[in-house]
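Below are the chains, spelled out letter by letter.
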Amino acid sequence: MDTDPKLSVDEVQLKVHASNWEEAIQVAAKPLVDGKKITNDYVTAMIDSVKKLGPYIVIAPGLALGHARPSEAVHQTGFAIATLAEPVKFGNKDNDPVDLVVILASTSDTAHLSLLQKIVMFLNDSQNLETLRCAKTREDAKHIAEQINGGDQ
């Protein structure tokens, strides 16, 4: 079951390129699609949610938390993180532009709670945000994954 999802080093992408907010979501979600944790339908649902509801996923300056309702498009609860080489605008006047995209995918309303708690604990620390934004190497990505997973990979 999805009791304690872990972030793998492959789900941390650093300094990736995206020309707009839709592409930023697609690129950030790619490791979850490639790992068969989610399907492209989930990526489409995240983009459609923003088109319908506005840029509500931009939850802090420079930070977007991409997610959609649990559905059959999510095969395994998980998350991915991408830092963008160049920030993109999502249309949130207070928190644009975005240079950090976190994708959250959950199989149920309850499965995401421990996952969300891990992400929030990590992102609430401004030092962690700075570490993430400055990260450039696979070793940096591994360190970030270990921090989020509570020291184990």
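Please read all numbers here as calculations on a predicted model, not as lab measurements.

With that out of the way, let us pick up the overall build of the chain. Helix and strand counts for the chain come out as 5 helices and 5 strands. Counting from the amino terminus, the chain carries its helices and strands in the arrangement β-α-α-β-β-β-β-α-α-α. By principal-axis analysis of the C-alpha atoms, the chain measures approximately 35 × 35 × 25 Å. Look at the contacts in the chain between residues 6 or more apart in sequence, and 69% of them connect residues 24 or more apart. Working note: accessible area of the chain is about 7800 Å², and carbon and sulfur atoms make up 52% of it. The distance from the centre of the 15 positive side-chain charges to the centre of the 21 negative ones in the chain is 1 Å.

Once that is clear, we can look at the pattern of salt bridges. Taken as a whole and judged by the stated rule, the model has 7 salt bridges. With a closest N to O distance of 3.0 Å, arginine 138 and aspartate 10 form a salt bridge. Within this pair, whereas arginine 138 is found in helix H5 (residues 138–148), its partner aspartate 10 is found in the segment before strand E1 (12–16), the two being separated by 128 residues in sequence. With a shortest N-O distance of 3.9 Å, aspartate 94 and lysine 93 are connected by a salt bridge. You'll find aspartate 94 and lysine 93 in the same group, each marked exposed.

Applying the stated rule across the entire model yields 1 aromatic pair. Aromatic side chains tryptophan 21 and phenylalanine 90 sit 6.0 Å apart centroid to centroid with 40° between the ring planes, which places their arrangement in the tilted category. Of this pair, tryptophan 21 sits in helix H1 (residues 21–34) while phenylalanine 90 sits in the loop between strand E4 (78–88) and strand E5 (98–105), and the two are 69 residues apart along the sequence. Take phenylalanine 90: its relative accessible area is 6%, and that puts it in the buried class.

Attention now goes to the confidence of the model for the chain. Mean pLDDT over the chain works out to 90, with 95% of the residues at or above the 70 mark. Helix H3 (residues 113–123) is the least confidently modelled element of the chain, averaging 80 in pLDDT, while H1 averages 98, the highest of any element.

With that settled, the discussion passes to the side chain of asparagine 149. Structurally, asparagine 149 can be placed in the segment after H5. A polar contact of 2.8 Å, which involves the side chain of asparagine 149, links it to the backbone oxygen of leucine 7. Discounting residues that sit within four places of it in the chain, asparagine 149 has contacts with Pro5, Lys6, Leu7 and Lys118.

About the thresholds
Residues numbered from 1 in each chain as written. Predicted model: local features only at pLDDT ≥ 70, side-chain atom pairs only at ≥ 80, totals over all residues. Heavy atoms only, no water. Helix = DSSP H or I, 4+ residues; strand = E, 2+ residues; numbered from the N terminus. Contact = heavy atoms within 4.5 Å. Areas by Shrake-Rupley, 256 points an atom, 1.4 Å probe, with all protein chains shown as cover. Lys, Arg positive; Asp, Glu negative; His and termini not counted. Charge placed at Lys NZ, Arg CZ, Asp CG, Glu CD. Salt bridge = Lys/Arg side-chain N within 4 Å of Asp/Glu carboxyl O. Buried < 20%, exposed > 50% of the residue type's maximum accessible area, 1.4 Å probe, protein only. Phe/Tyr/Trp six-rings, centres within 6.5 Å; stacked < 30°, edge-to-face > 60°. pLDDT = per-residue confidence, 0-100. Polar contact = N/O pair within 3.5 Å; in protein donor to acceptor, adjacent residues only side chain to side chain.

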